[in-house]
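The residues making up each chain are set out below.
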Amino acid sequence: MTVPCISKHCREALNLKHDLLSQYAAEIIVAPWLYENSTIYIISPWISNFRCMLRGKIIPDLTSPNPCLIEFLKFIRSNNGETRILVRPLHSLISIEKIRFIQRMIEKNISDLPISTLIHDILAYRDMIQTLLEIFQKSLANVRFMERLHAKILATPYRAIIGSSNYTLSGLYGNVEVNVMLLGNDAKKIYDIAQRLWKSGKTLSDVRIMTNRLVRSLALVADKDPRLLKLKEILERLINLSSQ
C-alpha cells in the first residue's frame, strides 16, 4: 500500500489535499510501538534540524507540538530506540575547489559581488554541520557518510517514506516535493535497502582526512566573512570528535 505525502509548498502550489510529508515523517518517527529494540533510518544527502507537525497530538516526553530533529532523536534514545543516519560527506557538499576559487578572487581583488554569492552557497550547509555536531556530541544517532548519495528514505520495519525530499526545512516545507509512504511488506523492502546502504557508509573517522582538507581550505578565506570562520570552527570540533 502507498500513501502520497508531499511538501507544504507543493500542496499550496497545486492546491492538493494530500497530507503533508512532515506529518507522516513525525508519526513514523514517534509512534511509540516502534521503539522497543527498533532502528529508524534517515537517509538524505542533506539534513538539518527540521521541525515536523504532529497534528496536535501530545506525546509523552516530547513536549513540543512541532518538535525538531534533535528532539526526535533524544526521544527515540530515551525509549531504547536507535537512529541511523546516512548523509553525504561534508567535503562532497562544500566544494574545496569553490573555496580555492574564492581565495584566488580575493588575491586578485575581484569584485565582492561574485565572492558574496559563492560564500552564500557555502554557508547553505551551515545548519547541517551544526546539526551533525550536536548529534555527535550528544551521541543521539549513528551517522555514516556516502559519496554521491542521492536517495531520500525514512524507514522503519513497518512504514517507510521515499521520494524527492531531503530531510531539511526546505525539503519538508519550502520546495515542491512529492513522496510516498509505503506500508507492510513494501515498507520492509525499503527498510532492508536502507539498512544495506547505511552499513556500506563510512564513519566520521573514515572521512576525517578529507574533512581536514576542507577545514584547511576554509582557513584561507575565513577572514573574509566571520560566518566562514564560525563554520571552520564547527568543522574543527567535528574533526576532534572523530579522533575520540
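Computed from a predicted structure; not experimentally measured.

### Here we look at the packing of helix α7 (residues 126–137) against helix α11 (residues 226–242)
- The contact between α7 and α11 brings their axes to 10 Å, and the two run at 30°. It follows from the interaxial angle that α7 and α11 lie roughly parallel. Pair α7 / α11 crosses with left-handed handedness. In contact with Arg126, Ile129, Gln130, Leu132, Leu133, Phe136 and Gln137 of α7, α11 contributes Arg227, Leu231, Ile234, Leu235, Arg237, Leu238 and Leu241.

### Comments concerning the environment of Met146
- Along the chain, the position of Met146 falls in the loop between β4 (142–145) and β5 (153–155).
- In the structure, Met146 is positioned 57 residues away from Thr203 in sequence and 9.2 Å away in space, judged by C-alpha atoms.
- Setting aside residues up to four positions removed in sequence, Met146 forms contacts with Leu86, Val87, Arg88, Pro89, Leu197, Ser200 and Gly201.

### Some details on α11
- If you check α11, its first and last C-alpha atoms are 25 Å apart, about what 17 residues at 1.5 Å a residue would give, namely 24 Å.
- Where α11 is concerned, the buried positions are Leu228, Leu231, Lys232, Ile234, Leu235, Leu238, Ile239 and Ser242. Down the axis of α11, the smallest arc covering the buried residues is 165°, so these residues share one side.
- For α11, the N-terminal cap is Asp225; the gap from its side-chain oxygen to the backbone nitrogen of Arg227 is 2.8 Å.

### A look at unusual backbone geometry
- Non-glycine residue Ser139 carries a positive phi angle of around 50°.
- Note on placement: Ser139 falls in the loop between α7 and β4.
- Accessibility expressed as a relative area gives 54% for Ser139, which makes it exposed.
- With a phi close to 65°, Arg148 is a non-glycine residue in the positive phi region.

### A few points about the pattern of salt bridges
- Under the definition given, this model contains six salt bridges.
- Where Glu82 meets Arg84, a salt bridge forms, and the shortest distance between an N and an O atom there is 3.1 Å.
- Using a relative accessible area of 24% as the deciding quantity, one classes Glu82 as partly exposed.
- The residue Asp225 makes a salt bridge to Arg227 at a minimum N-O spacing of 2.8 Å.

### Looking at the environment of Ile96
- Counting through the fold element by element, Ile96 comes out in helix α5 (residues 96–107).
- For Ile96, a relative accessible area of 3% gives the class buried.
- Sequence separation between Ile96 and Ser217 is 121 residues, and the spatial gap between their C-alpha atoms is 6.5 Å.
- In this view, Ile96 contacts Met210, Arg213, Leu214 and Ser217; residues no more than four positions away in its chain are not counted.

The rules we used
Residues numbered from 1 in each chain as written. Predicted model: local features only at pLDDT ≥ 70, side-chain atom pairs only at ≥ 80, totals over all residues. Heavy atoms only, no water. Axes fitted to C-alpha atoms, helices over the stretch in contact; angles between N-to-C directions. Helix = DSSP H or I, 4+ residues; strand = E, 2+ residues; numbered from the N terminus. Parallel < 35°, antiparallel > 145°, perpendicular 65-115°, else oblique. Left-handed = near helix turned anticlockwise from the far one by under 90°. Contact = heavy atoms within 4.5 Å. Expected span 1.5 Å × (residues − 1). Buried < 20%, exposed > 50% of the residue type's maximum accessible area, 1.4 Å probe, protein only. Arc of directions from axis to C-beta. Polar contact = N/O pair within 3.5 Å; in protein donor to acceptor, adjacent residues only side chain to side chain. Salt bridge = Lys/Arg side-chain N within 4 Å of Asp/Glu carboxyl O.

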